[in-house]
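Residue-level structural notes
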Amino acid sequence: MAEQPVSKKKKRAPKAPELLRGFKDILPEEAPYWQRVRAAAGVLLADYGYGEIQLPILEATSLFKRTIGEHTDIVSKEMFSFLDQGGDSVSLRPELTASMARAYIEHGMFNRPQPVKLYSLGPAFRYERPQAGRYRQHNQLSMELFGNAEPSADAEVIFIAYLLCKELGLDVTIHINSLGSNEAREEYVRLLKEYTKPKRSLLCEDCKKRLAKNPLRLLDCKEESCRSLFASAPLLVDNLDEESKKHFVAVLEHLDESSVPYELDPYIVRGLDYYNRTAFEIVASVAGDGGVSDEASAHLAIGGGGRYDGLVETLGGRSTSAVGMAFGLERVVSAFKKSKASIGSEKKPQVFLAQLGEEAAKHMFTLFETLRSSGLKVRANFGKSGLKAQLELADKLGVVYAAILGQKELLDGTVIIRDMENGIQEVVDLAKIVDELKKRLKRGR
Ligand code: HAM
């Protein structure tokens, strides 16, 4: 019988897992920038009386439908929604304001002295088309001020956002508009539809849908043909109700007084339905930033917000005026990295701790901690590698000195300090290691 050919087909190694499209790892090299941004925000917001609130990432889908709006892009196309094991529809939050309002109601915060000022940091999820500065998971710093209807509250939020940008060395302009009252806006939408309908065939496909479902969004279409079409459309600011007009002027006066740079932008409508009156976006200009402020992607604002006086009531709470804003931290960090205020690379380690022999190895944790807690920047390889490999690593890390603890030194109560540049070694008292290293580092080689 003829022998069957043995299949030579090799088993393929399983494909290494990859990041989902539009998601991003933040590596240790980038972390110091994030830490600096978060720390600056934390200090500033605490100084202005904002308390941190930590909110869940998963909420009932209905929370976002009722607040952001069923016909917005965010709710109709971009939410990560699924049924949980109990059959309830839940969603990864696409933003934080709806959760803030839910928490304000749920924890009876209207009983606290008003205004209630809150901020929160964390991820938000939107199934958007990934591009420079646009992710499917991004991080927000959201700040909200509940219980104050005055124009000064709008200006306060904008002022603090501007201060944070300044502290991070970002060159920004606030693009600001007023969306008026709900009634005035309804009337305006009627005018806008009237203007647009005869030109329907000239609209992009998205705008044709917007005309039917969310006409206000026609105004911030990025297609050149639509932009020129709406250049002569009636404007919302020209159709404001008297109260909103007064409010808007007062907000601008506050901004003038506090030297916050702004531009009136009648095309800002925002992508969430809950706004009334003030609406704004913060645009950073960084030379050659490849995405955050190029002409082509000027819509990639680093932050945005506005007034949302009806939101708490929509969710069943007491009527509560509110205003807030959120930064997109990926975009803030990207601009911060290029700014003058940016941190240099992380401080280099100064000392490498090397060991020789098992007994010495057991002392490594304690010795490392003695050096670290004295303020020295130390590195070590706590494993079993030989001295040569350890010194090679020390060299790569660019430390100034290596401290070597061997069997003999351990018995004598000493340690060797090796100058990594010239290889000169000195034996010093183990009990005085911190002083000896600091003395040498201070005087330089
Ligand atoms: P938003 O404008 O939708 O507003 O988002 C706030 C910021 O998050 C944006 O300005 C942008 O910097 C960033 N961002 C949004 N989507 C993405 C994305 N896909 N990738 C990267 N960054 C993104 C809100 O979410 C409102 N909750 C803001 C607010 C707070 N209004 C009142 N209070």
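Residues take numbers from 1 onward in each chain, read along the sequence in its written order. Thresholds applied to this predicted model are a pLDDT of at least 70 for local features of residues and 80 or more for the giving and counting of side-chain atom pairs; totals over whole chains, interfaces and linings are not thresholded and use all residues. To get the side-chain values, all heavy atoms of the structure are used, and hydrogens and water are removed first.

The next subject is the site of the ligand. Surveying the vicinity of the ligand reveals 26 residues, the closest of which are Glu95, Glu128, Glu144, Tyr275 and Ala301. Thr97 has a polar side-chain atom sitting 2.8 Å from a nitrogen atom of the ligand. Accessible surface is estimated by sampling points in the Shrake-Rupley manner with a 1.4 Å probe; for residues, cover comes only from the protein chains shown. About the coverage of the ligand: the protein hides 95% of its 660 Å² of free accessible area. Of the residues that constitute the shell around the ligand, the class distribution is nine nonpolar, 10 polar and seven charged. We call a residue near a molecule or strand as soon as one heavy atom of that residue lies within 4 Å of the molecule or strand. Counted as a polar contact is a pair of N or O atoms within 3.5 Å, where, for protein atoms, one must be capable of donating a hydrogen and the other of accepting one, and residues adjacent in sequence contribute only when both atoms are in side chains. Side-chain classes are defined by residue name, with Ala, Val, Leu, Ile, Met, Phe, Trp, Tyr, Cys and Pro counting as nonpolar, Asp, Glu, Lys and Arg as charged, and the others, Gly among them, as polar.

Spanning 15 residues, helix H6 (residues 182-196) covers 21 Å between terminal C-alpha atoms, matching the ideal 21 Å at 1.5 Å per step. For the exposure calls, accessible area comes from a 1.4 Å probe over protein chains only, and a residue counts as buried if that area is under 20% of its type's maximum, exposed if over 50%, partly exposed in between. To qualify as a helix, a DSSP run of H or I must reach at least 4 residues; to qualify as a strand, a run of E must reach at least 2; elements of each kind are numbered from the N terminus. Taken as a whole, H6 has its buried residues at Ala184, Arg185, Tyr188, Val189, Leu192, Tyr195 and Thr196. Considered in projection along H6, the buried side chains sweep an arc of 140 degrees and stay on one side of the axis. With respect to the buried face of H6, the exposed residues turned more than 90 degrees away are Glu183, Glu186 and Glu194. Here, residues are in contact when the closest pair of their heavy atoms is within 4.5 Å. Buried residues in H6 make contact with helix H7 (205-213), helix H8 (224-230) and strand E9 (276-284). The span one expects for a helix is its residue count, reduced by one, times 1.5 Å. Arc, as used here, means the arc of the directions from the helix axis to the C-beta atoms.

Taken domain by domain, the protein holds domain 1 (31-180 + 240-338) and domain 2 (351-443). Segmentation of the chain into domains, including their bounds, is taken from an automatic or database domain assignment. Computed from C-alpha atoms alone, the centre-to-centre distance between domain 1 and domain 2 is 50 Å.

What follows deals with the packing of helix H1 (residues 31-47) against helix H5 (residues 151-167). Lines fitted to C-alpha atoms define the axes, with helix axes restricted to the stretch in contact, and inter-axis angles between N-to-C directions lie between 0 and 180 degrees. The contact between H1 and H5 brings their axes to 10 Å, and the two run at 140 degrees. Judged by the angle between their axes, H1 and H5 are oblique. Between H1 and H5 lies a crossing whose hand is right-handed. Residues Arg36, Ala40, Ala41, Leu44 and Leu45 of H1 pack against Ile160, Leu163, Leu164 and Glu167 of H5. A per-class count over the contact of H1 with H5 returns seven nonpolar, no polar and two charged. By definition in this entry, angles of less than 35 degrees are roughly parallel, angles greater than 145 are roughly antiparallel, angles of 65 to 115 are roughly perpendicular, and the rest are oblique. Each crossing gets its hand from how the near helix is turned against the far one by less than a right angle, where anticlockwise is left-handed and clockwise is right-handed.

A few words on the environment of Val116. Along the chain, the position of Val116 falls in strand E5 (residues 116-125). By relative accessible area, Val116 is classed as buried at 6%. Along the sequence, Val116 and Arg102 sit 14 residues apart, while their C-alpha atoms lie 14 Å from each other. When sequence neighbours within four positions are dropped, the list of residues in contact with Val116 reads Tyr104, Met109, Glu144, Leu145 and Phe146.

Before going further, it helps to spend a moment on the packing of aromatic side chains. Within 6.5 Å between ring centres, the rings of Phe, Tyr and Trp (the latter by its six-membered ring) count as paired, and their orientation is classed by plane angle as stacked under 30 degrees, edge-to-face over 60, tilted in between. Summed over the entire model, instances satisfying the criterion amount to 12 aromatic pairs. When the ring of Phe365 is compared with that of Phe382, the centres are 4.9 Å apart and the planes differ by 70 degrees; the resulting orientation is edge-to-face. Of this pair, Phe365 sits in helix H13 (residues 364-373) while Phe382 sits in the loop between strand E13 (378-380) and helix H14 (387-397), and the two are 17 residues apart along the sequence. A ring has a charge above it when a Lys NZ or an Arg CZ is no more than 6 Å from the ring centre and no more than 35 degrees off the ring normal. The positively charged end of Arg136 is found above the aromatic ring belonging to Tyr127, 3.7 Å away from the centroid. Lys337 extends its terminal NZ or CZ atom over the ring of Tyr33, reaching a point 5.5 Å from the ring centre.

Below, the discussion takes up helix H9 (residues 242-257). Under the 1.5 Å per step criterion, the end-to-end length of H9 is 23 Å for 16 residues, consistent within 8% with the ideal 22 Å. Listed in full, the buried residues belonging to H9 are Ser244, His247, Phe248, Ala250, Val251, Leu252 and Leu255. Where H9 is buried, its residues contact H5, strand E7 (172-178), strand E8 (262-264), E9 and strand E10 (303-307).

Cis geometry marks the peptide bond from Gln114 to Pro115, where omega comes out at 0 degrees. Note on placement: Pro115 falls in the loop between helix H4 (97-106) and E5. The backbone of Ser259 sits at a positive phi, close to 55 degrees, despite the residue not being glycine. By secondary structure assignment, the location of Ser259 is in the loop between H9 and E8. By relative accessible area, which is 55% here, Ser259 ends up exposed. Phi is positive for Arg270, close to 70 degrees, though the residue is something other than glycine. Structurally, the position occupied by Arg270 is in the loop between E8 and E9. Look at Arg270 and you get buried, because its relative accessible area is 13%.

Let's shift gears to the side chain of Asn214. If you trace the backbone, Asn214 turns up in the loop between H7 and H8. Among residues more than four places away in sequence, those in contact with Asn214 are His71, Thr72, Lys209 and Asp273.

Time to look at the sheet that holds E10. Read across the sheet, eight strands follow the order E1-E5-E6-E11-E10-E9-E7-E8 without closing on themselves; strand pairing throughout is mixed. Each of the sheet's edge strands pairs with one partner strand only, and the pair in question is strand E1 (51-52) and E8. Paired strands, in this sense, are two strands between which DSSP finds at least two bridges. Direction of pairing for E7 relative to E8: parallel, over a ladder of three bridges. Its bridge partner being in E8, His175 is matched across the sheet by Glu263.

Attention now goes to the pattern of salt bridges. Throughout this description, the term salt bridge denotes a Lys or Arg side-chain nitrogen within 4 Å of a carboxyl oxygen of Asp or Glu. Overall, the coordinates contain 24 salt bridges when judged by the stated rule. Residue Arg217 is joined to Asp220 by a salt bridge in which the shortest nitrogen-to-oxygen separation is 2.9 Å. Both residues of the pair, Arg217 and Asp220, belong to the buried class. Among the salt bridges present, the one from Lys362 reaches Glu359, with a minimum N-O distance of 3.0 Å. With Lys362 and Glu359 both in helix H12 (residues 358-362) and three residues apart, this pair spans about one turn of that helix. On the basis of relative accessible area, Glu359 is assigned to the partly exposed category, the value being 35%. Each of Glu426, Glu436, Lys439 and Arg440 takes part in a single network of salt bridges with overlapping partners.

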